[in-house]
Amino acid sequence: MHQNIGFRLSRLPRLWRAILDQRLAPLGLTQTRWVTLYHLWRLGDGQPQCDLARAIGVEAPSLVRTLDQLAEQGLVERCPCDQDRRTKRIYLTEAATPLLQQIDAVVAEARQEMLAGLSDDEVSQLDGLLARIEENGLRLQGRDGDA
């Protein structure tokens with residue numbers, strides 16, 4: 001039984017994103033675009049580009065192309081940082097708001113469907129268990145990185 005946990009933990013995020021990709025495709029959004037917009041929305045306007053990349057889990061140079069595309073669509077703006085002109089801060093435009101509301105509705109519906117059949121208590125317990133597994137993994141990563 002325990003052998004399948006790692007497999008399930010690795011498969012679920014791919015499944016989750018595939019469902020969202022399929023449902024967000026009619027809005028003209030690729031995975032990299034909707035993930036970037038959604039993270040920026042959740043983190044708040046004015047994120048340094050490098051912090052946004054870290055939150056998404058990509059290298060900062062990899063994010064540049066996506067931000068270029070989102071800027072061309074009029075969904076984000078890059079502004080120089082007052083304290084460090086080398087740093088760009090990313091801001092959502094007003095045009096992004098309706099799209100983000102649509103993304104949020106799609107995500108909420110998919111989440112509800114994915115968690116169908118689970119009670120609120122079970123979802124809460126699952127969240128707590130996943131948090132503990134993540135903490136263990138981060139601790140292991142830190143320990144193994146120190147070796």
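Every value quoted in this text rests on a predicted model; they were computed, and no experiment measured them. (Residues numbered from 1 in each chain as written. Predicted model: local features only at pLDDT ≥ 70, side-chain atom pairs only at ≥ 80, totals over all residues. Heavy atoms only, no water.)

## Topic: the packing of aromatic side chains
A ring pair, where both rings are aromatic, is described by two values, the distance of the centres and the angle of the planes. Summed over all chains, the structure comprises one aromatic pair. When the ring centre of W41 is taken as reference, the NZ or CZ atom of R42 above it lies at 4.8 Å. (Phe/Tyr/Trp six-rings, centres within 6.5 Å; stacked < 30°, edge-to-face > 60°. Lys NZ or Arg CZ within 6 Å of the ring centre and 35° of its normal.)

## Focus: the nonpolar core
Grouped together as the largest cluster of nonpolar side chains are 26 residues, with contacts concentrated most on L20, W34, L37, L52, V76, L92 and I103. Secondary structure elements with two or more residues in this core: α1 (3–24), α2 (31–43), α3 (49–56), α4 (60–72), β3 (88–92) and α5 (96–114). (Core = buried A, V, L, I, M, F, W, Y, C linked by side-chain atoms within 4.5 Å. Buried < 20%, exposed > 50% of the residue type's maximum accessible area, 1.4 Å probe, protein only. Helix = DSSP H or I, 4+ residues; strand = E, 2+ residues; numbered from the N terminus.)

## Quick word on the UniProt feature "domain: HTH marR-type" (unreviewed entry) in the protein
Here the UniProt feature "domain: HTH marR-type" (unreviewed entry) sits at residues 2–135. From the first C-alpha to the last, residues 2–135 spans 18 Å; its make-up is 68% helix and 9% strand. (UniProt positions renumbered as here; feature names shortened; annotations may be inferred.)

## Describing the sheet that holds strand β1 (residues 47–48)
Pairing is antiparallel across the open sheet formed by three strands, whose spatial order is β1-β3-β2. Looking at which strands have only one partner, the edges of the open sheet turn out to be β1 and β2 (76–80). Bridge count for β1 against β3 is two bridges, and the pairing is antiparallel. Note that in β3 the partner of P48 across the bridge is R89. Seen against the sheet, α4 touches β2 and β3 and runs at an angle of roughly 115° to β2. (Pairing = 2+ DSSP bridges. Contact = heavy atoms within 4.5 Å. Axes fitted to C-alpha atoms, helices over the stretch in contact; angles between N-to-C directions.)

## Focus on the environment of C50
Among the secondary structure elements, C50 is positioned in helix α3. Judged by its relative accessible area of 36%, C50 falls in the partly exposed class.

## Some words on the pattern of salt bridges
This model, assessed by the stated rule, comprises four salt bridges. Between E113 and R23 there is a salt bridge, and its shortest N-O distance comes to 2.7 Å. One end of the pair, E113, is in helix α5; the other, R23, is in helix α1, with 90 residues separating them in the sequence. Here R54 and D51 are joined by a salt bridge, their closest N and O atoms 3.1 Å apart. You can see R54 and its partner D51 sitting in helix α3, three residues apart, about one turn around the helix. (Salt bridge = Lys/Arg side-chain N within 4 Å of Asp/Glu carboxyl O.)

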